[in-house]
Every structure is written in C-alpha cells, then in structure tokens.
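A look at the structure
One letter stands for each residue in the lines below.
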Amino acid sequence: MSDTSAAEPRHEVNLVVNGVPRSATVPARRLLSDFLRHDLGLTGTHTGCEHGVCGACTVLVTGAGRSDDEGVSGRPIRSCLQFAVMYDGAEITTVEGCTRPDGELGPVQQAFQDCHGLQCGFCTPGFVTTITAYLEENPSPSEEEAREAISGNLCRCTGYQNIVASVLRAAELKSEEVGG
Amino acid sequence: MTTRSLGEPVARREDPRLLSGQGRYVDDIGTGALEVAFVRSPHAHARIVDIDVTGALDVDGIVAIYTHEDLPGRVGEPLPLLIPHDALTHGRTPYPLAKDEVNHVGEPIVMVVATDRYVAEDACDRIQVEFDFLPPVVGIEVARDAEHLVHDDVPGNVAARLVQESGDARAAVAQAPHVLELDLEIERSASMPMEGKAVFARWDADDTSLRVYTSTQASTSVRAAVAAKLELPADRVEVVAPDVGGGFGVKIVHPWPEEILVPWAAVTLGREVKWTEDRREHFVSSAHERGQLQHVKVGFDSEGRLHGLDVTIWHDNGAYTPYGIIVPIITTTQLLGPYKPGAYRAECFSLYTNTVIVTPYRGAGRPQGCFAMERTMDAIADHLGLDRAVVRERNFIRPDEMPYDHGLVFQDGRPLIYDSGDYPASLDKLKKLIGWDEFDDYRAAARAEGRQVGIGMACYVEGTGVGPYEGGFVKVETDGSVVVATGLTTQGQGHQTAFAQIVADELGVPVEKVTVTTGDTRRFKYAVGTFASRAAVMSGNAVALAARNVREKALRIAGEALEADPRDLEIVDGIVQVKGTPGATVPLSTVAVLSNPLRYAFDEETQRATQFATPGDPEKPPVAEDDEPGLEGTDYYSPARSTFANGMHAAIVEIDPDTAEISILRYCVVHDCGTLINPRIVEGQIHGGVAQGVAGALYERMVYDDAGQLLNASFMDFLMPYATEVPRIEADHLETPSPLNPLGIKGAGEAGVIPGASVLASAIEDAEGFRISRMPISPSELYELRQRHERREQNTTNTKDSR
C-alpha cells in the first residue's frame, strides 16, 4: 500500500515517442502504459492484463540506460510492467509509429490487413510492434519461426492462423521494399 | 454491372484505423474523467456486518465513496432479470452494490470515485468491511446435495428445473434392444475478451442529457436499462458501443452493476466518470460458462439407430441468474445436433453456487450439448463395433426431411424446426478432407514407429439468427456516399465491411462508398444485440431490405428526371442509367439532391433542388403525401424462427506414450452457414472459434477451491492458448442457403467452438482405447486415467471414469 498523502512526489519524464520529443510530469508509480495512453494520449497501446502476459501493451524501446540496444526499431518491452520514470531519455516506438511517414500503413500493418490478421483489434498493437522488432532480427522467417515469434502474445479472436500468415506477408512486403 | 461484392473476400474497412492505433475503445475516450475502483468481496459467501470508510476519507483526490445505502430509488434495487421463463421459478439477481450479503468473490460492495484509478485503488485499500461468514456452496455436486444454501429462500439451490420432451423417451429406452448410460462432465471456462468491460458516462446538465460509452454487445438495451434505473426519459440517454475489444458473450449481459453505477455517479457528481475493468476484476466479477454434469441414458438398435434418449443435466448457474436459463435451454435443444433422437427427454436442473455468474460464452450451452450427444454416438459405435461415422450417418436427418420439426421449444420461444442442411454431404466432405477411411493404414504405420495416434469426429447444428428483429437505415448523401446504420453492436466481426458489401450490391454502388455505424443509439434506436451468431442474419437482411427501399425510391426519382419507366433503369457504379441507352444517366448523388426539395442552397449541387430551379407540377405538393424527403430508407428484418447452421469437425491427435502429452496433428472443419457474405471474415470466425474449442478441450478451466476462491484468476494461471497451442486449421465450406431470409444467410460466429471438446475427446479416446468422459483434459489427468485403465479400474460398459 502506498502512502497517499497530498504530496505524492512527481517527476518530469522527457522522452522521444515515435520521433517526437514528449514530456509529462507524473508520480513515480505511473506505469509506462498509462503514461503513453493517458498522459501522452497515445491510446493505440492497449493493456489487456496489466501483468505482463498478454503482450497487448508491447512497445519498442531504444536507450533507457541499456547498452545492448540493437536494431532500427528498438527492443520490445511490456509497458504495463514498467514505470514511466524508468524511461526518461529513452526513445519509444508505439503502434502509431509503425505507420509510414505519410501516415499510410507500414509493412506489418499492411500485412495484417492483407491476411485478415485482426478481428477486434485490441491485441493487434502488441503484435504489430512485436513483429516489427522480430523482422529486424529475422527478415525471412519460416512458418514455424513466425509462429514462435508471436508466441508471447495473446489473441482471443483469430486463432492465430492469419497472424502467422501476416508475419510471413510482412517479411515479403519489407523485402520488396528493400529490393525495390 | 457494378462488381459484385457479396461473397468476395473484401479487405476489411475497419482495419486501417485499428492497425494504426486509431481505434477508440472505451478507455481511450474521456481523458481527464474521474475514475472508479470497487471494493469487491474477498469472500464467497458472507453477511456484511459493517463497512468502515473513514480510513479512505483523507486520501488526496477522493471525490466520492458509495455503498448500497447511498443508492437512491431504482438505482439501489436488484438488477433486472433479463429473460424470465416459467421454469425459472427462483430467479435471483444482485444489487449493483451488495446489500447485507455477498454471494461470490468479486461481488462489488463499495464504489470509490477519485481523480484517477491509482488514487481510487489507494482508497479501496483503506476501506474495512467486516463479514460474518456463511458456508460457501462451490461445485455442482455440493450445490446438488444442498447441505447449505446459496440463497436462504431457494430450496435445494435449484433456480430452475427445465424439461424438454418429445415422445416417451423413458419407455423408448426401456424397450430398445441396447441401452448405454454415460456420466459426463464439462468444466467452466469464460469468454475472456482481450478488452474487459468499461463504462464512461458524460452528463450534460444544461441539455439534461446523458451519454454513456460502454463495451457492450447490446447498446440499445443498456440505454433502456439506464433510463429506467436513473428515471430519465429514454430520449435523454444515448448509449454508444465504440470499438469493442472482443465480447464472445460476456458483454451481452446488461446492465452490469457498473453500467448503472457509473452513469448514476456522473449525473450525481455532474462530472465525467469512467471505470475500466482490470483483468483480475474480469475473472472474478464478469461471467463464466460451461460447467455441467450430465447423465445420458440411450436406447438403440443393432444398426446403431437411436430409439430413445433420456438426459439429465445439472447446470452450474453461479450466484445469480440475470440472463435467465438461456444456456440450459440451448443445451437441452441443441444437444440433438443433426440427428433424429427417436423419443427425447432432457431434464436440466439449474443450480446456484457461490461463484461468478454463468451466462453465455460463445457456443452458449451448445458445446455441452454436443459433448453429450457426440460422446453417446462414439459409445454406441464402440458398443456395436461399428464405424463411428456410420453410426452418425444412420441417425442423420436427411435433406429430404427438411424442414425438420423436433417438437421442442427453442431459445427464442419458437418451435425447434431446422430450416435446411445437407448433413450426409457435409460428412462426406469431412471424411475426404481428413482421410477418415484411410486412417487405419496411417495408424498402423505410426504404431510401427512407436507412435500413438487417434482420430475423432463431432457434428453439430447451431440455431443462429434468433429474433425478435434487427433494423437497418440506409441513406444516399448528396455527394453520392452511402451511410448505413444498424443498432446491434460489433466486437470484431467486421460488420463495417460485411454490411457495406450487402448495401453496395443492393444499391449498385462501389463498396468503398459505403460507411457503416453499429451499436450507437444516436444512429439507430431499435435493436436487440449481437449474440447467437445473429448479426449477419438479422442486420444483414435488415440493411438489405432498407437498401432495396432506397433503390426503389432512387429509380422512381431518376425515372422522373430521365423521363423513363423505373423498370427500364439500372444502377451501375453509383449511376442510374436506362438499360441499353447510353448517355441517359443520372448519378445517385443528383438523385439524392432531387429527393429533397429545398428552399436554401449551400453549394452548386443543392442549387438544383431549390424551389425556383425545379418548379415541378404547381398542382402537387413538392413532397407527395405518401413520400418523405431524402434518399433514405429504414426497414426491419424479423424472422418467424431461427435458421440452423451446421458443421462437422475431425481431428487427428498424437499422444506421447510416456508423458501423455497431447498434440493435434490435424484439425479439419466442414461448415455450412448458408450464403457467405465475406468468406475471409467467415474463415476468421471459424479459426477463432476452433481456438476456443481447443482451449476448452485441453487448457482452460476455472479452478475454484472449496472456499470459493478462484485460484487461477490471471493470464499467468488460466491457460489461454498462444499461437503455439492452436493447430493449423483446414476448412471446407458447404453453402446451403437458408430459405428463411432474403439473403440465405445462417450465421457463423459460434460455429467453430461448438464441437471442440467433443472431437478431441473422440480422438483421444480412439488413441488410448478407453473412455474419455470429462473435459478439459490435461496430460496429467490423461496419465492418471491410463494408470487406472491399466489397473482395470475402468468399467468398460459404463463410462463412470471421472478422476
């Protein structure tokens, strides 16, 4: 139980989200997921369990004191298990940042539409960010690898068939872009 | 002709928004609103002696704390019993906040409103509730024994005793050449949508109007309930189901306590108020389903044909019965599947327990009914030494016997009459798809490699598209775009695409021109809700009928403009033209302008409809007596009775000889939901259903201890399948259109889940060689069964093989 006196200390958190410098002052206990959704208004990041199991809240992070960051998009983390204050100075990519610069769907997002990889759409942001990071690591996965790559995210609608297909399709779209 | 859209795998219109983080679920709305947390009962059965909130009062940011005694008038009364039924002699519903007694862990007792959820939870932690403990009633056997009662005034814990009967089943069984008895059990699971429930309310004191956003499957009915409880005129209340993150049944229940309390607090405080359910709350205070014990007594002849079926069911309905006995009704009727049972009798006891309420979860009683019947079919085949497919086929209702009247009453209060279906053709497709007749060779080859495999099948019939009605509104705007509204809600079924496809075809416009709104009482006031695989059947046909009205009006107005007989006109790509006369055309946008005689213009297009531009016949009113302005139409579809979709699943499993780990090697589906609007969406529905079926067979169960504590109330412990647990699904369709509705649709939402436990029990039984009568089944349970079987504890004629 926390102390709930009037003077709950607040901390300024400065970070870059989807390429844009953002800032808000929040209590130390403010979850990163709540910070993104309610303090910065980026409601694309969803919380399905708030105990780190479903993966809907997955965002991509670069920086934040970690020296092992790699890849263009950053490493996936469960934002519902992290405090916002831990990410002062970090760079974060959310599902809103997975679009193309012109606002059109990015390759992973486009693949989900092509393959009917979503139904209610609630878990989808976590899949999109997870797959975005995964394809940086493995640009041409097999079906088996694609299934494994998404096996930390829960979806209640699709039975995953078309999400696996979406991973493969996204890899195809990305390689076409690189090739083209 | 406009490119036909119905039946095409059109990409979903809603996807770009949802994929780019632009969806709007309830918790995405109402930034800055006050937030709510609840003190919920930590005990399954207790009297409330005292509630002490003093410790919470000095928490900074607290706005209000409410207990039952603060709730005025109808707000404080018990929640409605939504679906009364004569057999439900002892229906009980909860108060929005517990009054004197709690009947399950998770029941709300105190409502805290604060500046944010963190603060509200701080205050909840400081509220002390003193309880006097009562003996908890947990589990069907305990409830049936009735040593203790959940509700003092409900004898035997029996909420309802439902009997469905056709012929004299007991006599038929007694006289049959062969008789078998089976004891079966299905455990609890839950809908478990990724988004829990959520309610946001905004009271406009100046306008004396209330807007409620709620994650519901029935927004119009929530509106009626909120208006009644808050004693507001219904036309001052608007209810919107925005994007909804899955429902699967749990969100058809309404009004949830929070759907009354949050709007009431918003009105009372004059502030925006929001509550977003967290996952643990969802586990312990929303709804579960499935838990049943069944005793089947079946009489049959040496060919395997049923003479009589006598079933007794004990159904766990949890602590309250707000949704009536819909699940028992569905189990006792849909149990029959595609078969002629001979004489039939089902008696269901719906029992109270001190657990979370039980209301429909995708399948809604059908998986249990299917389990009873399909386990019976396998037992008969085993008893007679016949092929399991042969026994099923011999009992099928044949296509030439359609429509087939079972002589029972279905969940809509209408006779249980199957409209159509070709079960032998479906079975044939399924056997080919999985290689049923070749499996013995496969089994022998596997055995030679030391592998243990088995094959199973299960069939079902699903009453879909139940009434009473849905409506549709279609309007052509003056820019040629088309707006459509229907009152039922969407939780991921792609209605914005499927209904657009229907309207596009009916009107002759490209599908991209059509925008669909669902579940918003501002756009359409009359609706029932999204459940029972009914949306495509009900609203699909309603929007088609509305679009036909609009088309007729468009042709009439265009006929006047083109001086042509409307019967000679067609609409192609949004343009009305005289068939075979190039050049004689008028776009629908212009027809829309002409349909609405104007005094005032606001752009060039509308100038054409003003009074000096189109003087018309000076002897006639600008709008004829039997006409209305605007190129729009509303219509309703109300069927005499349900349609009946059907399907059959088959699976091949491999089971580890040492560890009893179960792997699904193949999973095949043959499915007939009548006309397909969008095959891609239907396939997605099948996939999702199968995943939930597999989950209910191998993974998911609600584990209560004897004290009524739900031990696995988190995603860490409740085993929802990930991608690695769901097999690749092979599907084939049969399309026998329903004769009951204009589009021939039957509905597909629940189909995939229904035979899951049955088909996997069948396959596991085939692999192991002993009866499986209880699902779900874990490797350790299967291992235990093996040990018992080896010790010859298994009674091979009776199936009493529970753990």
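Not measured: the values here are computed from a predicted model. (Residues numbered from 1 in each chain as written. Chains lettered and ligands numbered in written order. Predicted model: local features only at pLDDT ≥ 70, side-chain atom pairs only at ≥ 80, totals over all residues.)

1. Some words on the domain arrangement of chain A
Residue and element names in this part refer to chain A.
- Along its sequence, chain A is carved into domain 1 (10–97) and domain 2 (100–179).
- Between the C-alpha centres of domain 1 and domain 2 the distance comes to 21 Å.
- With 19 residues of domain 1 in contact, the opposing surface of domain 2 contributes 14 residues.
- Breaking the side of domain 1 that touches domain 2 down by element, the ones donating at least two residues are β3 (58–62) and β4 (75–78).
- No other element matches β3, which puts three residues into the side of domain 1 that touches domain 2. (Domains from an automatic or database assignment. Contact = placed C-beta atoms within 7 Å. Helix = DSSP H or I, 4+ residues; strand = E, 2+ residues; numbered from the N terminus.)

2. Remarks on the interface of chain B and chain A
- The partner chain A presents 49 residues to the 46 residues of chain B that form the contact.
- If you list the elements that add at least two residues to the side of chain B that touches chain A, you get α1 (15–19), α3 (117–125) and α18 (679–698) of chain B.
- Ranked by the residues each element gives to the side of chain B that touches chain A, the list is headed by α18(B), at six residues.
- Of the residues in the side of chain B that touches chain A, the class split is 22 nonpolar, 13 polar and 11 charged. (Nonpolar A, V, L, I, M, F, W, Y, C, P; charged D, E, K, R; others polar.)

3. A few points about helix α19 (residues 756–768) of chain B
Residue and element names in this part refer to chain B.
- Between its terminal C-alpha atoms α19 stretches 18 Å, which fits the 18 Å expected from 13 residues at 1.5 Å a residue.
- Of all the 13 residues making up α19, 12 are buried; the element is thus mostly covered by neighbouring parts of the structure.
- Taken together, the buried positions of α19 are occupied by Gly756, Ala757, Ser758, Val759, Leu760, Ala761, Ser762, Ala763, Ile764, Glu765, Asp766 and Ala767.
- Once α19 finishes, glycine 769 follows within two positions and takes phi at roughly 85 degrees, a positive value. (Expected span 1.5 Å × (residues − 1). Buried ≥ 20, exposed ≤ 12 C-beta atoms within 10 Å, placed from the backbone.)

4. Examining the domain arrangement of chain B
Residue and element names in this part refer to chain B.
- Domains assigned within chain B are domain 1 (32–134 + 191–285), domain 2 (366–465 + 640–790) and domain 3 (468–595 + 630–637).
- For domain 1 and domain 3, the distance between their C-alpha centroids amounts to 38 Å.
- Every contact between the two is made by 17 residues of domain 1 and, on the other side, 15 residues of domain 3.
- Counting residues per element, the ones that place at least two in the side of domain 1 that touches domain 3 are α6 (219–229) and β11 (237–240).
- Broken down by element, the residue count for the side of domain 1 that touches domain 3 peaks at four residues, all from α6.

5. Examining the sheet that holds strand β4 (residues 101–102) of chain B
- Across the sheet, three strands lie side by side as β4-β2-β6 (chain B); this open sheet has antiparallel pairing. Taken across any chain shown, the strands that pair with only one partner, and hence form the sheet edges, are β4 and β6 (128–133) of chain B. (Pairing = 2+ DSSP bridges.)

6. Brief notes about the confidence of the model for chain B
Residues and elements named next belong to chain B.
- Taken as a whole, chain B shows an average pLDDT of 95; of its residues, 98% reach a score of 70 or greater.
- Considering only residues more than four positions removed or in separate chains, one finds that residues 796–803, a stretch of pLDDT under 50, has 18 contacts.
- Here the prediction assigns the complex a pTM of 0.95, and the interface score ipTM is 0.95. (pLDDT = per-residue confidence, 0-100.)

7. What about the UniProt feature "domain: Aldehyde oxidase/xanthine dehydrogenase a/b hammerhead" (unreviewed entry) in chain B?
- When the UniProt feature table is mapped to this numbering, "domain: Aldehyde oxidase/xanthine dehydrogenase a/b hammerhead" (unreviewed entry) covers residues 20–135 of chain B.
- Helix makes up 11% of residues 20–135 of chain B and strand 29%, and the two end C-alpha atoms of the span are 51 Å apart. (UniProt positions renumbered as here; feature names shortened; annotations may be inferred.)

8. Some details on the nonpolar core
Residue and element names in this part refer to chain B.
- Within the largest apolar cluster, 306 residues are counted, with the highest numbers of intra-cluster contacts made by Val112, Val484, Val503, Ala554, Val653 and Ile764.
- Per element, the largest residue contribution to this core is 15 residues, and it comes from helix α15 (residues 535–562).
- Excluding its chain neighbours within four sequence positions, the residues that come into contact with valine 112 are Val36, Ala37, Ala56, Ile62, Ile65, Ala120, Ala123 and Cys124. (Core = buried A, V, L, I, M, F, W, Y, C linked by C-beta atoms within 7 Å.)

9. Concerning helix α3 (residues 124–137) of chain A
- Taking 1.5 Å per residue as the helical rise, α3(A) with its 14 residues ought to reach 20 Å, and the 20 Å between its terminal C-alpha atoms agrees with that figure.
- Listing the buried residues of α3(A) in full gives Thr124(A), Pro125(A), Gly126(A), Phe127(A), Val128(A), Thr129(A), Thr130(A), Ile131(A), Thr132(A), Ala133(A), Tyr134(A) and Leu135(A).

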